[in-house]
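Each chain, letter by letter, is given below.
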Amino acid sequence: MTTAVQDPLVTRYLDHVRFEKRLAARTCALYQLDLIRLAEMAVASQVPLLQVQSGHVRRWVAQMHSAGRSGRGIALILSGWRGFYAWLGREGLIPQNPVSDVRAPRVTKPLPKALGVDEAVQLADHEETNDDPWLEARDAAMVELLYGCGLRIAELTGLDVVASTDAVRAGRGWIDLPNAEVQVQGKGSKRRSVPLGRTALEALTHWLAVRPQLTGMLTHSVPGASSLALALFPGQHGTRLTPRAVSQRLKRRSLLAGLATPVHPHMLRHSFASHVLQSSGDLRAVQELLGHANISTTQVYTRLDFQHLAKTYDAAHPRAKRK
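Residues numbered from 1 in each chain as written. Predicted model: local features only at pLDDT ≥ 70, side-chain atom pairs only at ≥ 80, totals over all residues. Heavy atoms only, no water.

1. Here's the deal with the side chain of His275
Heads up, the condition is: Every helix listed is a DSSP run of H or I at least four residues long, and every strand listed is a run of E at least two residues long, numbered separately from the N terminus. Two N or O atoms form a polar contact when they lie within 3.5 Å of each other; inside protein one atom must be a possible hydrogen donor and the other a possible acceptor, and for residues adjacent in sequence the pair counts only when both atoms belong to side chains. Contacts were defined at the residue level, with two residues in contact if any of their heavy atoms lie within 4.5 Å.
On the secondary structure map, His275 appears in helix H11 (residues 265–280). A polar contact of 2.8 Å, which involves the side chain of His275, links it to the backbone oxygen of Leu115. Setting aside chain neighbours within four positions, we find His275 in contact with Leu115, Gly116, Val117, Ala120 and Tyr147.

This is the structure we're talking about:
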């Protein structure tokens, strides 16, 4: 079988990308492999490389996809083919690029990772007795807000202990214990209220009782005071916790709680959404709680919910087991 590297046109093109465009050796090697694949498919279809049409390319894409090649992998191959035929066009050897309007199959967006209910409760119930009580109270309250309210990490770190005109102006949120709510400003400067459950209220109340142990922390707005003094979750040096610091604390806490997989903050947001949807089936309510502008963004959790149902079926139904 004639391969791409034996075709004089392909050899010229590879010399072009290697010496004129000065592409890296690794990139040139990948181009060569892509063109070998192209030539083999053209030979199998009994069509010369200069006579390949869009219909041929689409058929070959379908063949690669049915053989199990990923959409991303096919997109990279098409990119190499597209460059080859663009060069042939510039050389005046073909009237149009047969790959220009061919696209790879859409890459399925991976489902967000969510904890099972038992794992989430295990993490939320964990108490790290070896930590300083001040740190333990703070971290426990953070977990309750991330899992109990489905907050984004930036929403969590932007919370103050009380409302203030400065918080409104700066786009920060705050907690409202009397009304059992947390006020947050999410993406697109969209504000929303999220209810605080009993456990979250208890964790916050305990945390607020020990938070003043850190010098300089305020419990109410004072004219001219730094916004750092109102941060709901400060670090030990009095600065507002960063998303990176929260992620590190949560990863550590999840491992100490005995979870097999390190947990990151967004995983708790996904877990919140999935578990509320499993219990209520109310997609619109989940959309409002998460602060999604479009229902299509929230619909990914219906797929998570289906996975939960499928696992339950496989584990419980007598006809689910396949030999």
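2. Looking at the packing of aromatic side chains
The following threshold applies: Classification of ring pairs uses Phe, Tyr and Trp, with its six-membered ring standing for Trp, and accepts pairs whose centres are within 6.5 Å; under 30 degrees between planes counts as stacked, over 60 as edge-to-face, and the remaining range as tilted. A simple rule labels every residue: compare its accessible area, found with a 1.4 Å probe on the protein chains alone, to the largest value its type can have, and call it buried under 20%, exposed over 50%, or partly exposed in between.
A complete count under the given rule lists seven aromatic pairs for this structure. The interplanar angle of 50° and the centroid separation of 5.6 Å between the aromatic rings of Tyr13 and Trp87 together place this pair among those described as tilted. Linking Tyr13 in helix H1 (residues 8–20) with Trp87 in helix H4 (residues 71–90), this pair joins segments that are 74 residues apart in sequence. Residue Tyr13 shares its accessibility class with Trp87, and that shared class is buried.

3. Some thoughts on the confidence of the model for the chain
Any region with low pLDDT has predicted coordinates that should not be read closely. This is how the line gets drawn: Within a predicted model, pLDDT stands for the predictor's per-residue confidence, ranging from 0 to 100.
Looking at the chain, the pLDDT average stands at 85 and 87% of residues meet or exceed 70. Within the model, the stretch residues 1–5 combines pLDDT values under 50 with 14 contacts to residues more than four positions away or in other chains.

4. A short note on unusual backbone geometry
Positive phi values are uncommon outside glycine, yet Arg22 reaches one of about 55°. Tracing the backbone through its elements, the reader meets Arg22 in the loop between H1 and helix H2 (25–44). With relative accessibility at 70%, the residue Arg22 sits in the exposed group. Positive phi, close to 50°, is recorded for Ala180, a residue that is not glycine. Structurally, Ala180 is set in the loop between strand E2 (173–176) and strand E3 (181–185).

5. Comments concerning the pattern of salt bridges
Just so we agree on the cut-off: Take a side-chain nitrogen of Lys or Arg and a carboxyl oxygen of Asp or Glu: if they are within 4 Å of each other, that pair is a salt bridge.
With the rule as written, the count across this model stands at 16 salt bridges. In this structure, the salt-bridge partner of Asp160 is Arg172, at a minimum N-O distance of 2.9 Å. One end of the pair, Asp160, is in strand E1 (residues 159–160); the other, Arg172, is in the loop between helix H8 (165–170) and E2, with 12 residues separating them in the sequence. Across the salt bridge formed by Arg172 and Asp166, the nearest N and O atoms sit 2.8 Å from each other. Judged by relative accessible area, Asp166 falls into the partly exposed class, the value being 31%. One salt-bridge network, in which partners are shared between bridges, spans Asp131, Arg138, Asp139, Arg249 and Arg252.

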